[in-house]
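What follows is each chain in one-letter form.
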Amino acid sequence: GLNFIDLMVRQGNIDNPPKTPLVPGFECSGIVEALGDSVKGFEIGDRVMAFVNYNAWAEVVCTPVEFVYRIPDDMNFSEAAAFPMNFVTAYMMLFEVANLREGMSVLVHSAGGGVGQAVAQLCSTIPNVTVFGTASSFKHEAIKNSVTHLFDRNADYVQEVKRISADGVDIVLDCLCGENTGKGLSLLKPLGTYILYGSSNMVTGETKSFFSFAKSWWQVEKVNPIKLYEENKVIAGFSLLNLLFKQNRGSLIKGVMDKLLNLYNSKKIKPVVDSLWALEEVKEAMQRIHDRGNIGKLILDVEKAPTPLMANDSTETSEAGEEEEDHEGDNENKERMPFIQ
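Just so you know, these numbers come straight off a predicted model, no measurement behind them. (Residues numbered from 1 in each chain as written. Predicted model: local features only at pLDDT ≥ 70, side-chain atom pairs only at ≥ 80, totals over all residues. Heavy atoms only, no water.)

Asker: Could you clarify how one ought to interpret the overall build of the protein in this entry?
Answerer: Looking only at helices and strands, one finds twelve helices and 14 strands in the protein. Residues classed as buried in the protein amount to 51% of the 341 residues present. Considering only contacts within the protein whose residues lie at least 6 apart along the sequence, 67% involve residues at least 24 apart. (Helix = DSSP H or I, 4+ residues; strand = E, 2+ residues; numbered from the N terminus. Buried < 20%, exposed > 50% of the residue type's maximum accessible area, 1.4 Å probe, protein only. Contact = heavy atoms within 4.5 Å.)

Below is the structure:
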């Protein structure tokens, strides 16, 4: 699975980045090739998906058994690689942190991404939940049926939400950070919960930019605990990777995965795979996420051959993270068109 956190790792926009050389990636699916001496519950040949503390983008991966889960019979490997990070993150935020219940309302940014689509699907399992989503306008047609109200990511979504729901929303899920923190807090109803689970606004150009990093944090509204007390609001953060690999909560995540797989087997949720890419195409795959061009999850497939270069399909990314059309006659960095599911 290819996640936005992988872009942040590449640019060094994380605490204590590992030393290079390294193999990126935090989730994968495949077939069990070997077992540790004390491993029980799995056999060689089993189809599994797993969390990995780096090294997931490899042909052979080793990870502790507590991070490994059997794939349902009717789930393919691509869906399995798209499942763990997105759905566990969405489930934990909605039900463990924010206590989503019938009749509540949720605002989620990047509604067309992997986590955004997982949030929308999980909200649909609870009666009368209203989902407000922001996404790039070109994604609206594809995802309009997954959320209740959809807004352009560049629009004044605060006023749009308040026009529909004057009191605001019960839950805000923010993967953007920066100025969106203050906007999200302003939209919360009393007893509402704001959860920060990413900071994608820090990723702009091709390399780490101190300016964009500083600007993003400078825009974060300073949170006054007394104001939270007076307004009856909750502010929280969620990092699945820290929960798994730094805080040793693998057993908690296993319980969540059991619930999610039950929902999958009941056909209530299904991972959305945007596209499949060969390992040699990782640069172009990362560019697609960088440009916020994906709907659902991008998957690296070790058995897939690279797709021939397409001369007319390259995009470059401006410092602001927006797509710019390729200049005519520029033969550098031609984008491969992946297999789109």
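The discussion continues.
Asker: Any chance you could explain the nonpolar core here in plain terms?
Answerer: Where a protein is soluble and globular, its nonpolar side chains tend to be buried together. Core analysis: the largest hydrophobic core is formed by 60 residues, its most contacted members being F51, F83, L122, L173, I253 and L260. A per-element tally of this core places helix α3 (residues 84-97) first, with nine residues. Residues within four places of L122 in sequence aside, it is in contact with F87, A90, Y91, L94, F95, L260, L263 and I269. (Core = buried A, V, L, I, M, F, W, Y, C linked by side-chain atoms within 4.5 Å.)

Asker: Can you walk me through the sheet that holds strand β3 (residues 68-70) in this structure?
Answerer: Read from one edge to the other, the open sheet built from three strands follows the order β1-β2-β3, with strand pairing classed as antiparallel. Edge positions in the sheet fall to β1 (27-31) and β3, since each has one partner strand and no second. Each neighbouring strand pair of the sheet contributes to a mean axis angle of 25°, computed without reference to strand direction. Summarising the sheet, β1 and strand β2 (residues 47-51) pair through five bridges and their orientation is antiparallel. (Pairing = 2+ DSSP bridges. Axes fitted to C-alpha atoms, helices over the stretch in contact; angles between N-to-C directions.)

Asker: Explanation requested: the environment of L122 in the structure shown.
Answerer: Residue placement: L122 occurs in helix α4 (residues 114-123). Residue class for L122 comes out buried when judged on its relative accessible area of 0%. It is 9.0 Å that separates the C-alpha atoms of L122 and L263, two residues lying 141 residues apart in sequence.

Asker: Sorry, what's going on with the packing of α3 against helix α11 (residues 250-265) here?
Answerer: At a closest axis distance of 10 Å, the pairing of α3 and α11 adopts a crossing angle of 100°. It follows from the interaxial angle that α3 and α11 lie roughly perpendicular. Facing P84, F87, V88, Y91, M92 and E96 of α3, the residues of α11 in contact are L252, I253, V256, M257, K259 and L260. (Parallel < 35°, antiparallel > 145°, perpendicular 65-115°, else oblique.)

Asker: Got a minute to help me understand the sheet that holds strand β7 (residues 169-174) in this structure?
Answerer: Strand pairing within a sheet occurs via backbone hydrogen bonds; the two strands may be parallel or antiparallel. Taken together, six strands build an open sheet; the order of strands is β6-β5-β4-β7-β8-β9 and the sheet is parallel. The two strands at the open ends of the sheet, each matched to only one other strand, are β6 (149-152) and β9 (234-237). Adjacent strand axes in the sheet meet at a mean angle of 15°, parallel and antiparallel pairs treated alike. Lying on the sheet, α4 is in contact with β4 (105-108), β5 (130-135) and β7; it crosses β4 at an angle near 170°.

Asker: Could you clarify how one ought to interpret the environment of I44 in this entry?
Answerer: Among the secondary structure elements, I44 is positioned in the loop between β1 and β2. Remark: the alpha-carbon pair of I44 and E33, spanning eleven residues in sequence, is separated by 5.4 Å. Apart from the residues within four sequence positions on either side, I44 is in contact with V32, E33, A34 and L35.

Asker: What is the right way to look at the confidence of the model for the protein in this model?
Answerer: Detailed reading of the predicted coordinates is not advisable wherever pLDDT is low. When pLDDT is averaged along the protein, the result is 85, and 84% of the positions lie at 70 or above. Taking the mean pLDDT of every element in the protein, the minimum, 35, falls on strand β13 (residues 323-325) and the maximum, 98, on β2. For the stretch residues 311-334, pLDDT sits under 50, and the model shows 41 contacts to residues farther than four places along the chain or on other chains. (pLDDT = per-residue confidence, 0-100.)

Asker: How should I be thinking about the packing of aromatic side chains in this particular structure?
Answerer: For any pair of aromatic rings, the description rests on two quantities: the centre-to-centre distance and the angle between the ring planes. Under the criterion given, the structure shown has seven aromatic pairs. Considering the side-chain rings of F83 and F87, the 4.9 Å spacing of their centres and the 25° angle between planes classify their relative orientation as stacked. For F83, a relative accessible area of 0% translates into the label buried. A centroid spacing of 6.2 Å and a plane angle of 20° characterise the contact between F132 and F151, whose relative ring orientation is stacked. Here F132, found in strand β5, pairs with F151, found in strand β6; they are 19 residues apart in sequence, far enough to count as distant. We note that F132, like F151, is buried. Here the aromatic cluster, defined as three or more aromatic residues joined through ring pairs, consists of F83, F87 and Y264. (Phe/Tyr/Trp six-rings, centres within 6.5 Å; stacked < 30°, edge-to-face > 60°.)

Asker: I would appreciate a short explanation of unusual backbone geometry in the present structure.
Answerer: Glycine aside, a negative phi is what most residues show, and trans is what most peptide bonds show. Look at the link from T20 to P21: it is a cis peptide, with omega at 0°. Within the secondary structure, P21 is located in the loop between α1 (4-11) and β1. Positive phi, normally seen in glycine, also occurs at N55, with a value near 80°. N55 sits in the partly exposed class, given a relative accessible area of 38%. A positive phi is found at L191, a non-glycine position, where the angle reads about 70°.

Asker: I tried to follow the pattern of salt bridges on my own but got confused; where do I start?
Answerer: Pairing between side chains becomes possible if they bear opposite charge and their charged atoms approach one another. Following the criterion strictly, the structure yields eleven salt bridges and no others. Salt-bridge contacts for K144 lead to E141; the nearest nitrogen and oxygen are separated by 2.9 Å. For K144, a relative accessible area of 42% translates into the label partly exposed. Notably, a salt bridge pairs E281 with K304, separated by 3.7 Å at the nearest N-O pair. Here the residue E281 occupies a position in the loop between β10 (273-278) and α12 (282-290), and K304 occupies one in the loop between β11 (297-301) and β12 (315-317), the gap between them amounting to 23 residues. (Salt bridge = Lys/Arg side-chain N within 4 Å of Asp/Glu carboxyl O.)

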